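Topology and contacts: notes
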Amino acid sequence: MSEERGDGGGTEFARVLEQLRSRIADGTYAPDSHLPPQRELAEEFEVSRDTVQRVIRELNSEGWVKSRQGSGTRVVTPIHLRAPKKEEPRVRAALGTFIARAFAQKVVRLDVFTLTSESLNAHIRLQAERIRLGEVQPERIELRMLLPSRSLELPYPRAKQPDEDVEPEQGQESQPGHEQERKPDPEQHPGQLDQLQEQLRERFRSITGRHTISLRTALRDLKTEGLVPEVRVDIRYVPLAPPFKLYLRPGVEALFGPYEVLERTILLDDETEVDAIDVLGLGSTLTRHVNDEGDPDSTGSVFMESMQAWFDSCWNLLAEKS
């Protein structure tokens with residue numbers, strides 16, 4: 001089956017998906033609002049209705065939207081984008097406000113350990129636009145990011161074995177349009193499971209590569225355009241499967257969140273639906289920890305010291321340069 005392709009060589013599916021993610025992240029489509037009808041989106045992006053339907057199903061599985069037949073597609077705000085409540089500063093902290101605080105400084109310093117950099121990329125690009133608008137004016141940006149080694153066989157995403165299937169709950173409704181998708185049966189085709197697993201790995205590598213390049217380019221362009229005098233982006237790879245994501249502003253504050261492992265359906269580029277074991281980083285709960293300079297024994301100070309030491313040890317002793 002042929003794929004629709006855009007000017008950059010990527011699939012139209014990926015192009016539309018990234019555009020809609022960005023519009024939700026920057027508030028173009030506000031929480032509790034509805035996406036435009038599929039027909040309008042198809043006309044705007046010059047793609048087929050089928051491509052738009054696939055994109056909406058992917059956004060639904062990632063937690064950006066909720067679709068209901070006859071009611072359209074409603075925008076929901078993933079946890080990492082929600083503003084934290086001041087009275088509960090350590091509960092469900094927001095990555096967006098964390099990154100905004102970092103970019104409000106003259107020197108932006110970030111140490112990050114994550115699975116794909118998808119969440120970080122969206123917020124870095126938003127801050128880059130704020131710099132172009134003159135809202136913030138950092139003089140130096142330093143980013144160190146640790147990602148899992150590209151040769152590492154990760155436990156997720158992983159295609160499920162036939163005997164891993166879980167019976168759906170009574171009365172559970174299928175998603176609109178799913179009845180026409182192709183679901184493989186590895187039990188009938190023994191070699192198919194390995195093939196699906198390789199497709200999932202390639203999809204994961206593509207997502208990681210796309211967002212890493214986007215993030216690096218967004219920051220380096222700021223130096224090229226003369227907006228930030230010094231920019232340094234260092235990315236290294238460690239032989240570790242991330243059980244959590246970690247964002248550090250060295251000596252200041254940290255965000256920490258575990259990746260919850262779950263079962264979900266992943267849509268491949270050839271429209272094959274794969275039942276898989278995966279994690280959804282976009283919906284993971286983040287907690288904020290603040291360094292207390294006046295109390296080195298406080299919970300926040302100890303957390304910051306120990307996690308910074310952990311990050312530095314991985315960076316210096318385990319990581320490979322990109």
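Parameters at a glance
Along each chain, residues carry numbers from 1 onward, in the same order as the chain's sequence is written. Restriction of local features to residues with pLDDT of at least 70 applies here, the model being predicted, together with a cutoff of 80 or more for giving and counting side-chain atom pairs; totals for whole chains, interfaces and linings are based on all residues. Hydrogens and water are ignored here; the side-chain numbers use all heavy atoms of the structure. Under the DSSP-based scheme used, a helix requires at least four consecutive residues in state H or I and a strand at least two consecutive residues in state E, with every element numbered from the N terminus. Partly exposed describes any residue whose relative accessible area lies between the buried limit of under 20% and the exposed limit of over 50%, with all areas from a 1.4 Å probe on protein chains only and scaled to the type maximum. At least two bridges found by DSSP between two strands are what make those strands a pair. Should any heavy atoms of two residues lie within 4.5 Å, those residues are counted as being in contact. As a rule, the C-alpha atoms of each element are fitted with a line to give its axis, helices using only the stretch in contact, and angles between N-to-C directions run from 0 to 180 degrees. Salt bridge criterion: a side-chain nitrogen from Lys or Arg within 4 Å of a carboxyl oxygen from Asp or Glu. Two rings from Phe, Tyr or Trp (for Trp, the six-membered ring) form a pair when their centres sit within 6.5 Å of each other. Planes less than 30 degrees apart are called stacked, planes more than 60 degrees apart edge-to-face, and all others tilted. Over a ring means this: the NZ of a Lys or the CZ of an Arg is within 6 Å of the ring centre and within 35 degrees of the ring normal. Note: pLDDT gives the predictor's confidence per residue, expressed from 0 to 100. Note on terminology: a nonpolar core comprises buried Ala, Val, Leu, Ile, Met, Phe, Trp, Tyr and Cys residues joined through side-chain atoms within 4.5 Å. Comment: arc refers to directions from the helix axis out to C-beta atoms. Multiplying one less than the number of residues by 1.5 Å gives the expected span of a helix.

A closer look at the overall build of the protein chain
From N to C terminus, the protein chain includes 7 helices and 12 strands. Counting over 322 residues, the protein chain shows a buried share of 44%.

Some points on the sheet that holds strand β9 (residues 261–267)
What the 3 strands build is an open sheet, ordered β5-β10-β9; its pairing is antiparallel. The sheet is open, and its two edges are formed by β5 (158–159) and β9, each paired on a single side. Both β9 and strand β10 (residues 273–279) contribute to a ladder of 7 bridges, which runs antiparallel. Paired with Ile266 across the strands is Val274, a residue of β10. Strand contacts of helix α3 (residues 49–62): β9 and β10, with the helix running at about 175 degrees to β9, the strand carrying the most contacts.

Things to note about the pattern of salt bridges
On inspection of all chains with the given rule, the structure shows 24 salt bridges. Ionic pairing is found between Glu253 and Arg101, a salt bridge with its closest N-O pair at 2.9 Å. Remark: Arg101 occurs in helix α4 (residues 95–103) and Glu253 occurs in strand β8 (residues 253–258); sequence separation between them is 152 residues. With relative accessibility at 26%, the residue Arg101 sits in the partly exposed group.

Some thoughts on the sheet that holds strand β4 (residues 140–148)
If you trace the 7 strands from one edge of the open sheet to the other, you get β11-β8-β7-β3-β4-β6-β12, paired in mixed fashion. A strand with exactly one partner marks an edge of an open sheet, and here the two such strands are β11 (287–290) and β12 (320–321). Bridge analysis of β4 against strand β6 (residues 230–238) gives 9 bridges, and the strand direction is parallel. Bridge assignment links Leu146 to a residue of β6, and that residue is Arg236. Each of β4 and β6 touches helix α6 (residues 192–224); the most contacted strand, β6, lies at about 160 degrees to it. Where helix α7 (residues 299–318) meets the sheet, it contacts β3 (107–113), β4, β6, β7 (244–249), β8, β11 and β12, and its direction lies at approximately 105 degrees from that of β7.

Digging into the packing of aromatic side chains
Throughout the structure, instances matching the rule amount to 7 aromatic pairs. With a centroid separation of 5.4 Å and 65 degrees between ring planes, the pair formed by Phe113 and Phe244 is classed as edge-to-face. Separated by 131 residues along the polypeptide, Phe113 in strand β3 and Phe244 in strand β7 bring together distant segments of the chain. Site record: aromatic cluster; members linked through ring pairs are Phe113, Phe244, Phe256, Phe303 and Trp310. Lying over the aromatic face of Trp315, Arg144 brings its terminal NZ or CZ to 5.1 Å of the ring centre.

A short note on the confidence of the model for the protein chain
Do not read the fine detail of predicted coordinates wherever pLDDT is low. The share of residues in the protein chain with pLDDT of 70 or more is 82%, and the mean pLDDT across the chain is 83. Within the model, pLDDT remains below 50 along residues 1–10, and this stretch shows 14 contacts once partners closer than five positions in the same chain are excluded. A low-confidence stretch, residues 164–181 stays under pLDDT 50, and its non-local contacts, those more than four residues away or across chains, total 19 contacts.

Comments concerning the nonpolar core
A general tendency of soluble globular proteins is for nonpolar side chains to be buried together. Grouped together as the largest cluster of nonpolar side chains are 30 residues, with contacts concentrated most on Phe103, Leu110, Leu120, Ile141 and Leu219. Sorting elements by how many residues they give to this core places α4 first, with 5 residues. Leaving out residues up to four positions away in the same chain, Leu219 has contacts with Phe103, Ile124, Ile141, Leu143, Val231 and Val233. In terms of nonpolar packing, the next biggest core, distinct from the first, is built from 20 residues, Leu20, Tyr29, Leu35 and Leu41 among them.

A few points about α4
Among all positions in α4, only Leu95, Gly96, Phe98, Ile99, Ala102 and Phe103 are buried. The buried side chains of α4 occupy one side of the element, clustering within an arc of 165 degrees when seen end-on. Lining the buried residues of α4 we find β3, α5 (118–132), β4, α6, β7 and β8.

Topic: α7
Residues spaced three or four apart along an α-helix face the same direction, because each turn holds 3.6 residues. Compared with the 28 Å implied by 1.5 Å per residue over 20 residues, the 27 Å span of α7 between its first and last C-alpha is a close match. Along α7, the residues classified as buried are Gly300, Ser301, Phe303, Met304, Met307, Gln308, Phe311, Cys314 and Trp315. Buried residues of α7 fall within an arc of 165 degrees about the axis and therefore sit on the same side. Seen from the buried face of α7, the exposed residues on the opposite side, beyond 90 degrees, are Glu305, Asn316 and Leu317.

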